[in-house]
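# Observations on chain architecture
Here is how the chains run, residue by residue.
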Amino acid sequence: MRRESPVRYDESRKMWDVFRYEDVDRVLSDYDAFSSDMRDAEAVSFDDDQAMRRTMINAEPPEHDRLRRFVDERFRPGTIRELQPRLEAFAAEFLDAVEDADRIDLVGDFAYPFPVTVIAELLGIPADRRDQFKSWSDALVASPTEETTAAMEKNERQRQRARREMAEYFGDLLDERADGDGDDLITLAATSDDLERDEKVGFCILLLIAGNITTTNLITNAVWCFDEHDVTDAVRTGEIDRKQAIEEVLRYRSPAQSIRRVATRDVELGGETIEAGELVTAWIGSANRDPDVFDAPEEFRPERSPNRHIAFGKGIHYCLGAPLARVEADIALDALLDRFDTIEPTDEPKSPLSTQLLHGLEALPCR
Ligand code: HEM
């Protein structure tokens, strides 16, 4: 694809696909030509969810900057580093529960609940509501049980109900904390003068959606890649640098595979003309394996340096949570490798997530 039709129109999805690193980089960086604001674009449904219509991820400057500015500081690497002891304690708690088991499901027992709990903690969700919070998160990321219309509609209804319940729940917490002085993110949003109420609710839901399953995939894909390429022990002993290896996992098995934009005007890209109003999918996963940018891109090289992957996006929408995701993955792998002598996926067939947008596994049984 990258070589033969680097920019192509897919009639069935009514959408352009962009595969080369250089072009993906352009689509993500040039927000004047390729907008994230798809609220009025065809084929994208935001149902009746007002809060999700008003978040930074689908806004452009100056609205985007206003929606992001109030929280930027909290996600800077220095601020995230201060959280490290709390995050380590969470990781230990989940692993304590399975330490003596003969086998674990890496996803269900650890890689999924760990990031959800971290977000809940940062938002300041009371501990006795964490289970409810996790079940909302489950509903938001659940796939339909079958490919039938009925199953898909049921799935969508459950998702909408979860969003509605969450919007109500966050709305109440935001009201309660409007005069608060806590250091949690709900209080930060509640006391911000720059945001309207829907925007505050949308911010809370966005964090849950954007930050969980992607981080789950990063942790899962790391264990999977290390085993597949026989480097688990070298990472454990430090012979291979863990942080550098995580960067290669981000490139080689990018947790978020693609991002959508809408063209704001007619644009030339890769010899094609994308017309104003047309939708574009920028394939991060493909860009991260582009031979024009990476030597031997199909090889997993945990010591690859430099590593210019764009797994966290590019430009003004560059992932807010990238420093947090990196620290979470690092803590998770450190804890897993420290705790278990082997962390080896079993031979059972692996079931990939049933969405093309994300790259990860439904489960990863390990012994
Ligand atoms: C944006 C990937 C973890 C919050 C993005 C984007 C990507 C991405 C590719 C760009 C979207 C776009 O351009 O439209 C990832 C990956 C993660 C991860 C691969 C884990 C490995 C997190 C975490 C959080 C988070 C842990 C929050 C706690 C966000 C937010 C945005 C974003 C709020 C929107 C930023 C903006 O529009 O300015 N992420 N993400 N992400 N991510 Fe992440």
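Since this is a predicted model, take the numbers as computed values, not measurements.

So, on to the sheet that holds strand E3 (residues 34–35). One open sheet accounts for 5 strands, arranged E1-E2-E8-E5-E3; its pairing is mixed. Taken across any chain shown, the strands that pair with only one partner, and hence form the sheet edges, are strand E1 (7–10) and E3. As paired elements, strand E2 (residues 15–18) and strand E8 (residues 279–283) share 3 bridges and run parallel to each other. Each residue of the ladder has a partner; that of Trp-16, found in E8, is Val-280. Relative to E8, helix H1 (residues 21–29) is tilted by about 125 degrees, and along the sheet it contacts E1, E2, E3, strand E5 (258–263) and E8.

Turning our eyes to something else, we now look at the pairing of E1. Where E1 and E2 come together, 4 bridges link them in antiparallel fashion. Paired with Arg-8 across the two strands is Asp-17, which belongs to E2. Between the end of E1 and the start of E2, which pair antiparallel, lie 4 residues, with Lys-14 showing a positive phi angle near 55 degrees.

Around the ligand, a shell composed of 25 residues is seen, among which Gly-211, Gly-313, His-317, Cys-319 and Gly-321 lie nearest. Listing elements by their share of the shell around the ligand, those giving two or more residues are helix H10 (197–211), helix H11 (213–228) and helix H15 (322–339). For the shell around the ligand, the element with the most residues is H10, which contributes 4 residues. Here the shell around the ligand is built from residues that sort into 17 nonpolar, 7 polar and 1 charged.

Time to look at the pairing of E5. With respect to burial, E5 is a largely interior element, 5 of its 6 residues being buried. Of the pairings in the sheet, the one linking E3 to E5 comprises 2 bridges and is antiparallel in character. Its bridge partner lying in E5, Phe-34 is registered against Ala-263.

Now for the packing of helix H4 (residues 84–98) against helix H6 (residues 113–123). Where H4 contacts H6, the axes come no closer than 10 Å and their chain directions differ by 140 degrees. With respect to their mutual orientation, H4 and H6 come out oblique. In the packing of H4 onto H6, the handedness of the crossing is right-handed. Residue-level inspection shows Arg-86, Leu-87, Phe-90, Ala-91 and Phe-94 of H4 in contact with H6, the latter providing Pro-113, Phe-114, Thr-117, Val-118 and Glu-121.

Definitions and cut-offs
- Residues numbered from 1 in each chain as written.
- Predicted model: local features only at pLDDT ≥ 70, side-chain atom pairs only at ≥ 80, totals over all residues.
- Pairing = 2+ DSSP bridges.
- Helix = DSSP H or I, 4+ residues; strand = E, 2+ residues; numbered from the N terminus.
- Contact = placed C-beta atoms within 7 Å.
- Axes fitted to C-alpha atoms, helices over the stretch in contact; angles between N-to-C directions.
- Near = placed C-beta within 6 Å.
- Nonpolar A, V, L, I, M, F, W, Y, C, P; charged D, E, K, R; others polar.
- Buried ≥ 20, exposed ≤ 12 C-beta atoms within 10 Å, placed from the backbone.
- Parallel < 35°, antiparallel > 145°, perpendicular 65-115°, else oblique.
- Left-handed = near helix turned anticlockwise from the far one by under 90°.

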